[in-house]
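Chain by chain, the residues run as shown.
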Amino acid sequence: MPSSKKLGFMSVFFLGINGIVGSAIFLMPGKIYAKSGNVSIGLVFISAIMVLSLALCYADLASRFTQNGAAWLYSYNAFGRFVGFEVGFFTWMLGVITLATETCAFIETLGTMMPIFNNDWVYSICAIAIIVILAIINLCGVKSFSFVDNFSSIIKLLVLVGFIVIGLFFMHVANFKAGHSIHLTFNNFNSAFGSGFYMFTGFSLLPIAAAKMNNPKKNLPVALISVILASAIVYAGVQAVAIGILGKHISGSVAPLAAAFKQIFGIVGDLAIVIGMAVSILGVAISVSFSTPITASSLAIEHQLLPNFFGKSLKNGAPWAAIVLTSVVGIALALSHNYLFLASCVVFVSVMQYIPTVFATMKFQNEDKRRHQKTTGWHLPGGKIIPIIALVMTLYMFTSFTTETWIVGIIEWLVSFAIYFVDKKHREEQLANKVTMKN
């Protein structure tokens, strides 16, 4: 029987672009500039270098496994079920928080054109309606959202590249002068760096579908590096052009790209960017609403890294329990009406995956050294130098989190611990009952 067609390098590359480039590049430039001024352009590359050190660890691990999985798969094989469970739980939470974040981003984008969406009640009703509608669609058993991924990916790239190319002709050198007057304190740098880091967090999702890729041991590492470098160039270009057009006014803009085009082309330019933003952001929300429940169901049924309840499905195959749980938690988070807070939560949850992944990289390196053999595939050059750099920079991220983010993170830890031990006890009881019935 012929094997199903695998994803080639370019397909993997665009999959990575679609995973990384989301709402942040449309809504974050003003926030980052307000904290760091013109340094924000270079800060994009600093964030990219940090993420690249992590991506190289993922690339090394991806070359060792042929299964789908990424962070939780690596952690499970390196440190056992408890660590694998924790990383799997945070992977699911990453999808849930991303769904809430993109929902808020979509509503805030609409609010730039229609102020009624800035009303708290309207905001809440829209957030609930969007997530509920997406849940209903998923419960109906729609099999593929690939067309939405492709369409939103094309739209966002056209909008961003078009913004850079056209905007270059309307930049003013004088607009960069105001950025030099912004005092860059440690706290401001941390805040800006956290926002810059958020723009790249989607890279960790790319290895999840490793088994569906053509020659992942070769293509995945190159794709990870290429995607991050390409994203960094686009992000820095957008940041520079936005500053060059708006100057200091960028810091007070919710949607700087739309504001810049409005200054050039009037309401038509504003409308064009907002429509492009809305389509691309909603596309990410739709994609995440589809993939997150499936990820949770897979973790429960195929890997036993979440309770069996997460894997309960309808006759059409839709994982109804995971869809409902994802939607309920997503709605609760979206009702915070705070895009920046949710973005910081995404970074926090991402960091909770990165740390065990870096340690897993070092552990497998030690095993290679002990066995005096090198497995096939791509491996990190320089021994532990890159993993240590990635670990130090990841731990540094903890200094950028607010008290509110820490509270949410601690709650997530406590909930994950409770779920793990309750699920462990339940599985042990089930095993004991099976043994009793056999006897």
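Residues numbered from 1 in each chain as written. Predicted model: local features only at pLDDT ≥ 70, side-chain atom pairs only at ≥ 80, totals over all residues. Heavy atoms only, no water.

On to the overall build of the protein, then. In terms of regular secondary structure, the protein is built from 16 helices and zero strands. A globule of 439 residues ought to have a C-alpha radius of gyration of about 22 Å, and the protein, at 22 Å, matches this closely. Counting only C-alpha atoms, the protein reaches 80 × 50 × 50 Å along its principal axes. Of all 439 residues assigned to the protein, the portion counted as buried reaches 55%. Pairs at least 24 residues apart make up 83% of the contacts formed inside the protein by residues separated by at least 6 positions. A total accessible area of about 19,400 Å² is found for the protein, and carbon and sulfur atoms account for 70% of it. Positive and negative side-chain charges in the protein, numbering 27 and 15 respectively, have mean positions lying 9 Å apart. (Helix = DSSP H or I, 4+ residues; strand = E, 2+ residues; numbered from the N terminus. Rg over C-alpha atoms; globule rule 2.2 N^0.38 Å. Buried < 20%, exposed > 50% of the residue type's maximum accessible area, 1.4 Å probe, protein only. Contact = heavy atoms within 4.5 Å. Areas by Shrake-Rupley, 256 points an atom, 1.4 Å probe, with all protein chains shown as cover. Lys, Arg positive; Asp, Glu negative; His and termini not counted. Charge placed at Lys NZ, Arg CZ, Asp CG, Glu CD.)

Tallied over the entire structure, the rule returns one salt bridge. R81 serves as the salt-bridge partner of D423, at 3.1 Å between the closest nitrogen and oxygen. You can see D423 sitting in helix α16 (residues 403-438) and its partner R81 sitting in helix α6 (residues 81-111), a full 342 residues away along the chain. (Salt bridge = Lys/Arg side-chain N within 4 Å of Asp/Glu carboxyl O.)

In this section: the packing of aromatic side chains. Scanning the entire structure with this criterion turns up 29 aromatic pairs. A centroid spacing of 5.2 Å and a plane angle of 75 degrees characterise the contact between Y58 and F203, whose relative ring orientation is edge-to-face. With Y58 in helix α4 (residues 39-62) and F203 in the loop between α9 (186-198) and α10 (216-246), the pair connects residues that are 145 residues apart, well separated along the chain. Neither Y58 nor F203 differs from the other in exposure class; each is buried. (Phe/Tyr/Trp six-rings, centres within 6.5 Å; stacked < 30°, edge-to-face > 60°.)

Let us now look at the nonpolar core. M199, F200 and F203 are the most contacted members of the largest nonpolar core, which has 133 residues in total. It is helix α14 (residues 339-371) that provides the largest number of residues to this core, a total of 17 residues. In this structure, F203 is in contact with I20, V51, L54, A55, Y58, L224, I228 and Y354, ignoring residues within four places of it in sequence. (Core = buried A, V, L, I, M, F, W, Y, C linked by side-chain atoms within 4.5 Å.)

As a further point, take empty space enclosed by the protein. Counted by the stated rule, this structure contains one cavity of 30 Å³ or more. Of the pockets and cavities examined, the largest cavity occupies roughly 50 Å³. Taken together, L99, I131, L134, A135, N138, S289, P293, I323, T326 and S327 form the lining of the largest cavity. Element by element, the count of residues in the lining of the largest cavity is highest for helix α7 (residues 120-139), at four residues. For the lining of the largest cavity, a count of residues per class yields six nonpolar, four polar and no charged. (1 Å grid on protein atoms, 1.4 Å probe; cavity = no way out; pocket = protein on both sides within 12 Å on 5 of 7 lines; lining within 4 Å. Points joined across faces, edges and corners; volume = space filled by probe spheres on them. Nonpolar A, V, L, I, M, F, W, Y, C, P; charged D, E, K, R; others polar.)

As a further point, take the state of the cysteines. The full count for this structure, using the stated rule, is zero disulfides. The cysteine C104 is free of any disulfide, with C345 supplying the nearest cysteine sulfur at 11 Å. Overall, C104 belongs to the buried group, its relative accessible area being 0%. (Disulfide = S-S within 2.5 Å.)

With that out of the way, let us pick up the packing of α6 against α7. Relative orientation of the contacting elements α6 and α7 amounts to 130 degrees, with a least axis distance of 10 Å. As the angle between them shows, α6 and α7 are arranged oblique. The chirality of how α6 crosses α7 is right-handed. Side by side, α6 and α7 meet where L99, T103, C104, F106, I107 and E108 of the first sit next to Y123, C126, A127, I130, I131 and L134 of the second. Grouping the constituent residues of the contact of α6 with α7 by class yields ten nonpolar, one polar and one charged. (Axes fitted to C-alpha atoms, helices over the stretch in contact; angles between N-to-C directions. Parallel < 35°, antiparallel > 145°, perpendicular 65-115°, else oblique. Left-handed = near helix turned anticlockwise from the far one by under 90°.)

A cluster of nonpolar side chains, V161, V165, I166, L168, F169, F170 and F265, forms an exposed patch at the surface whose accessible area comes to about 670 Å². It is helix α8 (residues 146-167) that contributes the most residues to the nonpolar patch, three residues altogether. Considering the arrangement of structural elements, one finds F169 in the loop between α8 and α9. (Patch = residues over 30% accessible without salt bridge, like charges linked within 9 Å, V, L, I, M, F, W, Y side chains within 5 Å.)

Relative to the elements of secondary structure, H426 occurs in helix α16. Since its relative accessible area comes to 40%, H426 is described here as partly exposed. With 38 residues separating them along the chain, H426 and I388 place their C-alpha atoms 38 Å apart.

Turning next to the confidence of the model for the protein. Regions with low pLDDT should not have their predicted coordinates read in detail. Model confidence for the protein is summarised by a mean pLDDT of 83, while 90% of its residues fall at 70 or above. Mean pLDDT values over the elements of the protein span from 74, in helix α1 (residues 9-20), up to 93, in helix α13 (residues 320-334). (pLDDT = per-residue confidence, 0-100.)

With that settled, consider the layout of surface pockets. Reported here for the second largest pocket is a volume of approximately 420 Å³. Considering the residues around the second largest pocket, the lining is formed by 23 residues, among which S191, S195, S344, S400 and T402 are closest to the centre. If you list the elements that add at least two residues to the lining of the second largest pocket, you get α3 (29-36), α9 and α14. Of all the elements, α9 adds the most residues to the lining of the second largest pocket, at seven residues. Grouping the amino acids of the lining of the second largest pocket by side-chain chemistry returns ten nonpolar, eleven polar and two charged.

Time to look at the environment of I166. Structurally, I166 can be placed in helix α8. Considering only alpha carbons, one finds I166 and I264, 98 residues apart in sequence, at a separation of 9.8 Å. Sequence-distant contacts of I166, that is, excluding residues within four places in its chain, are made with F261 and F265.

With respect to the helices and strands, F417 occurs in helix α16. Taking the C-alpha atoms as reference points, F417 and E86, 331 residues apart in sequence, are found 7.9 Å from one another. Every residue in contact with F417, bar those within four places of it in the chain, is listed here: F82 and E86.

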